[in-house]
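Residue-level listing of the chains:
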Amino acid sequence: MSTMFADTILIVFISVCTALLAEGGWFFTLVFLLSVEKKKETITESAGRQQKKKIERQEEKLKNNNRDLSMVRMKSMFAIGFCFTALMGMFNSIFDGRVVAKLPFVPLSYIQGLSHRNLLGEDYTDCSFIFLYILCTMSIRQNIQKMLGLAPSRAATKQAGGFLGPPPQAAKFS
């Protein structure tokens, strides 16, 4: 039982680290983009007739920087995707066939293939690495997004409605 607890803590730690890595990358990219936009606004506001050419040169530099940033962001996304794929393969081989947690419920039949992946036996309350990792990452990543300010606010989410959310309130006529 203690190895199962240690495995569970390790998986939660792995989930936190990967979520911090992914969301931290997006956070720093966003901060850089906002600083570039702010710089563009200050240059545009302080412009006079004499500075039109200077503004055009600055905008050209900004376009080049944005293009370079897009290229770097694309390369970093490929690198992060490659690293996550390699990490998932490594962790799947480490935790292959090992019960890492006990679920307090029997999962739905279409989820049992994921929750009981590569595990022996018919006890569907046994939990595999990938299922616990997905659950942890889904919950932890949203909290990290909220802490970094990358998640939409509750007001924006309520206003947008959505598939699972409540529909926006319509005006009542009486």
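So, here is what we can say about the structure in this document. Remember, predicted model here, so these are calculated numbers, not experimental data. (Residues numbered from 1 in each chain as written. Predicted model: local features only at pLDDT ≥ 70, side-chain atom pairs only at ≥ 80, totals over all residues. Heavy atoms only, no water.)

### Observations concerning the overall build of the protein
Next, step 1: Summing up its helical and strand segments, the protein has five helices and two strands in all.
Next, step 2: Helices and strands appear in the protein in the N-to-C order α-α-β-α-β-α-α.
Next, step 3: Burial analysis of the protein (174 residues in total) assigns 24% to the buried set.
Next, step 4: In the protein, once contacts between residues fewer than 6 apart in sequence are set aside, the share between residues at least 24 apart is 64%. (Helix = DSSP H or I, 4+ residues; strand = E, 2+ residues; numbered from the N terminus. Buried < 20%, exposed > 50% of the residue type's maximum accessible area, 1.4 Å probe, protein only. Contact = heavy atoms within 4.5 Å.)

### Regarding the environment of F84
Next, step 1: Considering the arrangement of structural elements, one finds F84 in helix 2 (residues 52-94).
Next, step 2: The residues touching F84, leaving out its near neighbours within four places in the chain, are T18, L21 and A22.

### Digging into the pattern of salt bridges
Should their charged atoms come close, side chains of opposite charge can pair.
Next, step 1: This structure, assessed with the given rule, holds three salt bridges.
Next, step 2: For K102, the salt bridge is made with D123, and the minimal N-O distance between the two is 2.5 Å. You can see K102 sitting in strand 1 (residues 101-102) and its partner D123 sitting in the loop between helix 3 (109-115) and strand 2 (126-127), a full 21 residues away along the chain.
Next, step 3: Among the salt bridges present, the one from K102 reaches D126, with a minimum N-O distance of 2.7 Å. Taken together, the residues span a long stretch of sequence, with K102 in strand 1 and D126 in strand 2 at a distance of 24 residues.
Next, step 4: Residue class for K102 comes out partly exposed when judged on its relative accessible area of 44%.
Next, step 5: Residues joined in a network through salt bridges with shared partners are K102, D123 and D126. (Salt bridge = Lys/Arg side-chain N within 4 Å of Asp/Glu carboxyl O.)

### What about helix 2?
Next, step 1: Between the first and last C-alpha of helix 2 there are 61 Å, a value that for 43 residues agrees with the 63 Å anticipated at 1.5 Å per step.
Next, step 2: Of all the positions in helix 2, only I55, L62, L69, M88 and F91 are classed as buried. (Expected span 1.5 Å × (residues − 1).)

### Some points on the nonpolar core
Next, step 1: I11, F95, C127, F129, L132 and Y133 are the most contacted members of the largest nonpolar core, which totals 18 residues.
Next, step 2: For this core, the elements supplying multiple residues, two or more each, are helix 1 (2-45), helix 2 and helix 4 (129-148).
Next, step 3: In this structure F95 touches D7, L10, I11, V100 and F129, once residues within four positions along its chain are discounted. (Core = buried A, V, L, I, M, F, W, Y, C linked by side-chain atoms within 4.5 Å.)

### Focus: a positive patch on the surface
Next, step 1: A cluster of basic residues, K53, K54, R57 and K61, forms a positive patch at the surface.
Next, step 2: By secondary structure assignment, the location of K61 is in helix 2. (Patch = residues over 30% accessible without salt bridge, like charges linked within 9 Å, V, L, I, M, F, W, Y side chains within 5 Å. Areas by Shrake-Rupley, 256 points an atom, 1.4 Å probe, with all protein chains shown as cover. Lys, Arg positive; Asp, Glu negative; His and termini not counted. Charge placed at Lys NZ, Arg CZ, Asp CG, Glu CD.)

### Points about the side chain of S128
Next, step 1: Mapped onto the elements of the fold, S128 is located in the loop between strand 2 and helix 4.
Next, step 2: Classification of S128 by relative accessible area gives buried; the value is 3%.
Next, step 3: Leaving out residues up to four positions away in the same chain, S128 has contacts with V100, L114, S115, H116, R117 and L119.

### A short note on the packing of aromatic side chains
Next, step 1: Considering all chains together, one arrives at three aromatic pairs under this definition.
Next, step 2: Judged by centre distance (6.0 Å) and plane angle (50 degrees), the rings of F91 and F129 are tilted. Highlighted residues: F91 in helix 2 and F129 in helix 4, separated in sequence by 38 residues. Across this residue pair, the class does not change: F91 and F129 are buried.
Next, step 3: With a centroid separation of 5.7 Å and 25 degrees between ring planes, the pair formed by F129 and Y133 is classed as stacked. Here Y133 and F129 lie together in helix 4, a separation of four residues that amounts to about one turn.
Next, step 4: Overall, the relative accessible area of 3% leaves F129 in the buried class.
Next, step 5: Through pairs of rings, three or more aromatic residues link up here, namely F91, F95, F129 and Y133. (Phe/Tyr/Trp six-rings, centres within 6.5 Å; stacked < 30°, edge-to-face > 60°.)

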